[in-house]
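Coordinates in review
Here are the chains, one letter per residue:
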Amino acid sequence: MRPASHADAATWYKDAVIYQLHVKTFCDGNGDGIGDFPGLISRLDYLQQLGVTCLWLLPFFPSPLLDDGYDVADYVQVHPAYGTLEDVRCFLVEAHRRGLRVISELVINHTSDQHPWFQRARQAAPGSAERDFYVWSDTTDRYRGARIIFRDTESSNWSWDAVAGAYYWHRFFHHQPDLNFDHPEVREAVLQVMRFWLDLGVDGLRLDAIAHLVEREGTTCDNLPETHAFLRSARAVLNAEYPDRVLLAEVNQPPDETRAYFGGGVGDECHMAFHFPLMPRLFQALAHGEAAPLVEILRATAEIPETAQWAIFLRNHDELTLSALLPADRDMLLQAYAPLPRMRLNNGIRRRLAPLLGDNQPRILLATTLTLSLPGSPVIYYGDEIGMGDNMALADRDGVRTPMQWSAAPGGGFMPAACAGVVRPVLPLLDDAVYGYRRINVASQDGDAHSLLTAVRTRIRLRRRHPAFGRGRLQFCAVSSPRVLAFVRQYGSDCVLVVANLSRGDETVRLQLPAGIGELATSDRLAGVELQRSGSDAAVSLASSAIGWWTAAQQNG
Ligand code: NOJ
Ligand code: CA
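Residues numbered from 1 in each chain as written. Chains lettered and ligands numbered in written order. Predicted model: local features only at pLDDT ≥ 70, side-chain atom pairs only at ≥ 80, totals over all residues. Heavy atoms only, no water.

Sheet architecture is open: three strands sit in the order E4-E6-E5, paired in antiparallel fashion. Where the open sheet ends on each side, the last strands, each with one partner, are strand E4 (136–137) and strand E5 (158–161). The pairing of E5 with strand E6 (residues 166–169) spans four bridges and is classified as antiparallel. In the strand pairing of E6, Trp158 is matched with Trp169. (Pairing = 2+ DSSP bridges. Helix = DSSP H or I, 4+ residues; strand = E, 2+ residues; numbered from the N terminus.)

Encoded structure:
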């Protein structure tokens, strides 16, 4: 392994393997059916053994929970069902003690309508500082260029407030009024919230929905220069006061717009951004069994600043969004992955990874290993490491947010067995024949050499040996079959060849290695892959859906 230099340590997020979870559904420590911080702390050893290096916690603040906590009613407190601020402090200490960093949420585009700022604003005189915390109008005619995001439930971005006697602006649910970023007091208040969590010890903040901070007439109200200006001011605070922390941008926009959130030059906005443009192409490549969609999107994603990093993911707590695709590609993905109407939501697909890939372990592992191999830091959605399923009988996105399945015991290990059957879990545990907790759980996969969990653990451990994955450049290799993707990742003396068979059949291909590639060694005792080198060429045989990593010595370096 190449030892990390001091400069590398400052950009720790480039080597991160991130695990996304909701405290509410991860582990219930006190038996009330709701996950909590003490429960999460009791599972930190599991996360450490999984090999992830950073936890991203979904919103855990006081909230009416009409959008699972993205409707924040108090930015600087903890939802009482999950614990106290003291529990969060304790969790941070315990996570850090195990070498796990923590990214929390900063949901600043909007608040809950229950937030005291909104309650105050609706009573305040029009034009007053308090009123202006939000965006008001006498008509619904303004900002017509902004698309409706939750189009299955909302018909306008304006809602009437009888107390204020005016319409307020909201890009998401009607109970989530948008804050007014043209108001200096709002900008200052938001920076103070940011400082609060950084002072408490979180290592990073995911900036929810930040493409929509500012509104201007005659625009889409997305990605506006004023929005970027605010993000630069947030980054300046980090640089000056918290130099080792990160901002992670959640912007579901086309490649160039997304890339803009890293800022210009040396990178003066967010350190990280989710690679939304890549995600549906991964599924497209798997559906077609060909490399082209991935190659195209990676070529279309231009260079990013030296200190910037993509966050690469397959699934998350939302629907698998298709909103940035061309209509033909969107239709193809809907046909392939969401044939039934109940599988669809807004502009996307509300299913988990395992059901999307037909509960096929080699395909799940192929997709997961691709996220571990492509440029960026991978983000694993809790439960996907064991192949959890979804429950489409649940409303909205709850079907992909069911409790973590720890064991086959009553309550699935999510809650104390003694409470199962007495107390109802916050969301029903999956209990069907294929994906139910009796069949799919951590305990049964833990010691099983052939389980998905074991394979994912092994891949994460191997990835962490290679800084090239998080930091290296990518060079595609010419391959004789469109069904096989081959590329080399290289950082300093660390160099890895990746070859993936995206199709469902066996493949034997010839590929051309880039100049300077020395002896190749398998990084893994991988089943189903074989490579015969002959000069700058290699013949590779791959079983259906197999993916291989080979460490390459470099001839010139
Ligand atoms: C993006 C979050 O991921 C999603 O869950 C939420 O509903 C919206 N932002 C609104 O906050
Ligand atoms: Ca609890």
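The rest of the description comes next.
If you check the backbone angles, Leu65 has positive phi at about 60° while not being a glycine. Relative to the helices and strands, Leu65 is located in the loop between strand E2 (54–57) and helix H5 (85–97). Positive phi values are uncommon outside glycine, yet Asn223 reaches one of about 60°. With respect to the secondary-structure elements, Asn223 resides in the loop between strand E7 (204–207) and helix H8 (225–241).

What follows deals with the sheet that holds strand E11 (residues 320–321). An order of E11-E13-E12 is seen for the three strands of this open sheet, with the pairing classed as antiparallel. Bordering the open sheet on either side are E11 and strand E12 (344–345), each of which pairs with just one other strand. Of the strand pairs in this sheet, E12 and strand E13 (residues 348–349) are connected by two bridges, and their pairing is antiparallel. Along E13, the bridge assignment pairs Arg344 with Ile349.

Right, let's talk about the site of ligand 1 for a bit. Around ligand 1, the neighbouring residues are Asp67, Tyr70, His110, Phe150, Phe172, Arg206, Asp208, Glu250, His317, Asp318, Arg397 and Arg401. Between an oxygen atom of ligand 1 and a side-chain N or O atom of Asp67, the distance comes to 2.7 Å. His110 has a polar side-chain atom sitting 2.9 Å from an oxygen atom of ligand 1. Protein contact buries 97% of the 290 Å² of open area that ligand 1 shows by itself. Looking at the shell around ligand 1 residue by residue, the classes come out as three nonpolar, two polar and seven charged. (Near = heavy atom within 4 Å. Polar contact = N/O pair within 3.5 Å; in protein donor to acceptor, adjacent residues only side chain to side chain. Areas by Shrake-Rupley, 256 points an atom, 1.4 Å probe, with all protein chains shown as cover. Nonpolar A, V, L, I, M, F, W, Y, C, P; charged D, E, K, R; others polar.)

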